[in-house]
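Chain by chain, the residues run as shown.
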Amino acid sequence: MKHRLTSRDILALGFMTFALFVGAGNIIFPPGVGMQSGDHVWVAAIGFLITAVGLPVLTVIALARVGGGIDALSSPIGKAAGLLLATVCYLAVGPLFATPRTATVSFAVGIAPLTGDGTMPLFVYSLIYFALVIAISLYPGKLLDTVGHYLAPLKIVALTVLGIAALVWPAGGLKSAAESYQHAAFSTGFVNGYLTMDTLGALVFGIVIVNAARSRGVEDSKLLTRYTIMAGLIAGVGLTLVYLSLFQLGSGIGSLVKPDANGAEILHAYVQQTFGNYGSIFLAALIFVACMVTAIGLTCACAEFFAQYLPLSYKTLVIILGLFSMLVSNLGLSHLIQISIPVLTAIYPPCIVLVVLSFTLSWWNKSARIVAPAMLVSLLFGIVDAIKTTSFSGMLPDVMTHLPLAEQGLSWLPPSLVMLLIAAVIDRVLGRQQVTAHQ
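Here we summarise the structure given alongside this text. As the structure is a prediction and not an experimental result, all values here were calculated from the model. (Residues numbered from 1 in each chain as written. Predicted model: local features only at pLDDT ≥ 70, side-chain atom pairs only at ≥ 80, totals over all residues. Heavy atoms only, no water.)

## Considerations on the side chain of Thr104
- Position of Thr104 relative to the elements: it lies in helix α6 (residues 98-115).
- By relative accessible area, which is 3% here, Thr104 ends up buried.
- Within the structure, Thr104 has its side chain in polar contact with the backbone oxygen of Arg101 (distance 3.0 Å).
- Excluding its chain neighbours within four sequence positions, the residues that come into contact with Thr104 are Ser329, Gly332, Leu333 and Leu336. (Helix = DSSP H or I, 4+ residues; strand = E, 2+ residues; numbered from the N terminus. Buried < 20%, exposed > 50% of the residue type's maximum accessible area, 1.4 Å probe, protein only. Polar contact = N/O pair within 3.5 Å; in protein donor to acceptor, adjacent residues only side chain to side chain. Contact = heavy atoms within 4.5 Å.)

As structure tokens, this is what we get:
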């Protein structure tokens, strides 16, 4: 008899997937985009939703179709390249950027307004925070219970309250958009969606979601695929609703904060004005739970991945990853975002190409001929876009800064499409030759 999930368990799996996604970046970046884009907010929102909701849900579906792991998804590019890609993704969404960022954001929103933005309060907070993360991550089998049934619903209720407030009590009227949004609202929103790290997160969480369904006794691969896709879609609907309300919140806040305010400051200003001091406590609790759930999911996923390749046990790795993330978090939020932007700009394009092309594998004679060249070209041009976001941008030749879509940060897209066409033609020709040779 096939073991099936109950409706309650499917919903819990969807809530858990949503809760794993909604971490620090998902709450702090949309209000910033809302404020900067002003009267162009809904055009920017569409671009943002493509990279921050569409791609992550596509990624979860792509992973469900191959059985849950990034290693299976990257098989067309070969074992070594696939392992390298997986390692980079796990490190980026794990101990190098995303996990430490969960601590710095929850500190910036909840604790810093009370203690000041000093190094000592951040250090003490990060110690307590990561002690909790390590304690819960040591028991991954209980994840669906702790996260799916308790922490995730808490987080959803809190986000719903914030979302309804943003719609019912807007902070003010729309302002005119910042310069980048006046010329290219859609593509600026699209590139800003990278910063949520959700597509990389989905590559990493795919296996966590599949394993959570397995922990309930589901073994049938078709059922696992179906449940994972359902969880991804539930998460996608939840994310869209959260983002739309946060865009609304940010778009009318211009009169309350400095023009260069980050998302954490925008949120704090809004709840302070709307709910007073109680609002600040509520926001601190919401961000704490949101960040904690994501940090636990990332730590579990990273430890499970590295345990396959290193001579260390899962529990040892949880402790190492937790401690390392704690050290990195002490760099502070602005520093972390600064360092992560070029890295994400470089590694997102090949990940997008891999996910999108995974749905076309049956079209080709040999998928490696298609996927590997397209990913390589997107990575090379992604690195060019990444250099542009750093202080080394002056070293790039002029031609690189005037590529098609370069101003929008999407100069990787046209060459990747050209490479895809060339690879498709070569695949057809070589495929036909082999068929002829066999006859």
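Okay, back to it.
## Quick notes on the side chain of Thr99
- Following the sequence through the fold, Thr99 ends up in helix α6.
- Thr99 gets classed as buried once you look at its relative accessible area, which sits at 2%.
- At 3.4 Å, the side chain of Thr99 forms a polar contact with the backbone oxygen of Val93.
- Excluding residues within four positions of it along the chain, Thr99 makes contact with Val93, Gly94, Phe130, Ala295, Leu298, Thr299 and Ser325.

## A few points about the nonpolar core
- Counting 135 residues, the largest nonpolar core has Leu13, Tyr90, Tyr129 and Leu200 as the members making the most contacts within it.
- The leading source of residues in this core is helix α12 (residues 263-307), at 21 residues.
- Filtering out sequence-adjacent residues up to four positions away, Tyr90 remains in contact with Ile70, Pro95, Leu203, Val204, Ile207, Ala301, Cys302, Phe305 and Phe306. (Core = buried A, V, L, I, M, F, W, Y, C linked by side-chain atoms within 4.5 Å.)

## Examining the packing of aromatic side chains
- The tally for this structure, following the rule as stated, stands at 14 aromatic pairs.
- An aromatic cluster of three or more residues is present, and its members are Phe107, Tyr125, Tyr129, Phe130 and Phe288. (Phe/Tyr/Trp six-rings, centres within 6.5 Å; stacked < 30°, edge-to-face > 60°.)

## Topic: the layout of surface pockets
- If you add up the space inside the largest pocket, you get close to 950 Å³.
- Taken together, 35 residues make up the lining of the largest pocket; nearest its centre are Tyr181, Thr188, Asn192, Leu195 and Ile341.
- At the level of secondary structure, the elements contributing two or more residues to the lining of the largest pocket comprise α2 (24-37), α9 (179-192), α12, α14 (333-357) and α15 (367-388).
- With 8 residues, the top contributor of residues to the lining of the largest pocket is α9.
- Of the residues that constitute the lining of the largest pocket, the class distribution is 16 nonpolar, 15 polar and 4 charged.
- Space inside the second largest pocket adds up to approximately 340 Å³.
- Along its surface, the second largest pocket is lined by 18 residues, and Ala108, Ala112, Asp117, Asn262 and Leu333 are the ones closest to its centre.
- For the lining of the second largest pocket, the elements supplying multiple residues, two or more each, are α6, α7 (119-137), α12 and α14.
- Examining the composition of the lining of the second largest pocket, we find that 5 residues originate from one element, α6, more than from any other.
- For the lining of the second largest pocket, the residue count by class is 7 nonpolar, 9 polar and 2 charged. (1 Å grid on protein atoms, 1.4 Å probe; cavity = no way out; pocket = protein on both sides within 12 Å on 5 of 7 lines; lining within 4 Å. Points joined across faces, edges and corners; volume = space filled by probe spheres on them. Nonpolar A, V, L, I, M, F, W, Y, C, P; charged D, E, K, R; others polar.)

## Observations regarding the packing of helix α5 (residues 79-96) against α14
- Running from N to C, α5 and α14 cross one another at 145°; their axes reach a closest spacing of 11 Å. In terms of crossing hand, the pair formed by α5 and α14 is left-handed. In contact with Leu85, Val88, Cys89, Ala92 and Leu96 of α5, α14 contributes Leu336, Ile347, Cys351 and Leu354.
- Among the residues forming the contact of α5 with α14, the class breakdown is 9 nonpolar, no polar and no charged. (Axes fitted to C-alpha atoms, helices over the stretch in contact; angles between N-to-C directions. Left-handed = near helix turned anticlockwise from the far one by under 90°.)

## Structural notes on unusual backbone geometry
- Residues other than glycine seldom take positive phi values, yet Met197 does so here, at roughly 65°.
- When you line up the elements, Met197 lands in the loop between α9 and α10 (198-214).

## Quick notes on α7
- For α7, built from 19 residues, the straight-helix expectation of 27 Å at 1.5 Å per residue is met to within 8% by its first-to-last C-alpha distance of 26 Å.
- Taken as a whole, α7 has its buried residues at Leu122, Tyr125, Ser126, Tyr129, Phe130, Val133, Ile134 and Ser137. Along the axis of α7, the buried residues cluster in a sector spanning 165°; they form a single face. Residues of α7 that are exposed and point over 90 degrees away from its buried face: Met120 and Ile128.
- Structurally, α7 contributes buried residues whose contacts are with α6, α12 and α13 (314-329). (Expected span 1.5 Å × (residues − 1). Arc of directions from axis to C-beta.)

In short, the description is geometric, and any link to function would need to be established separately.
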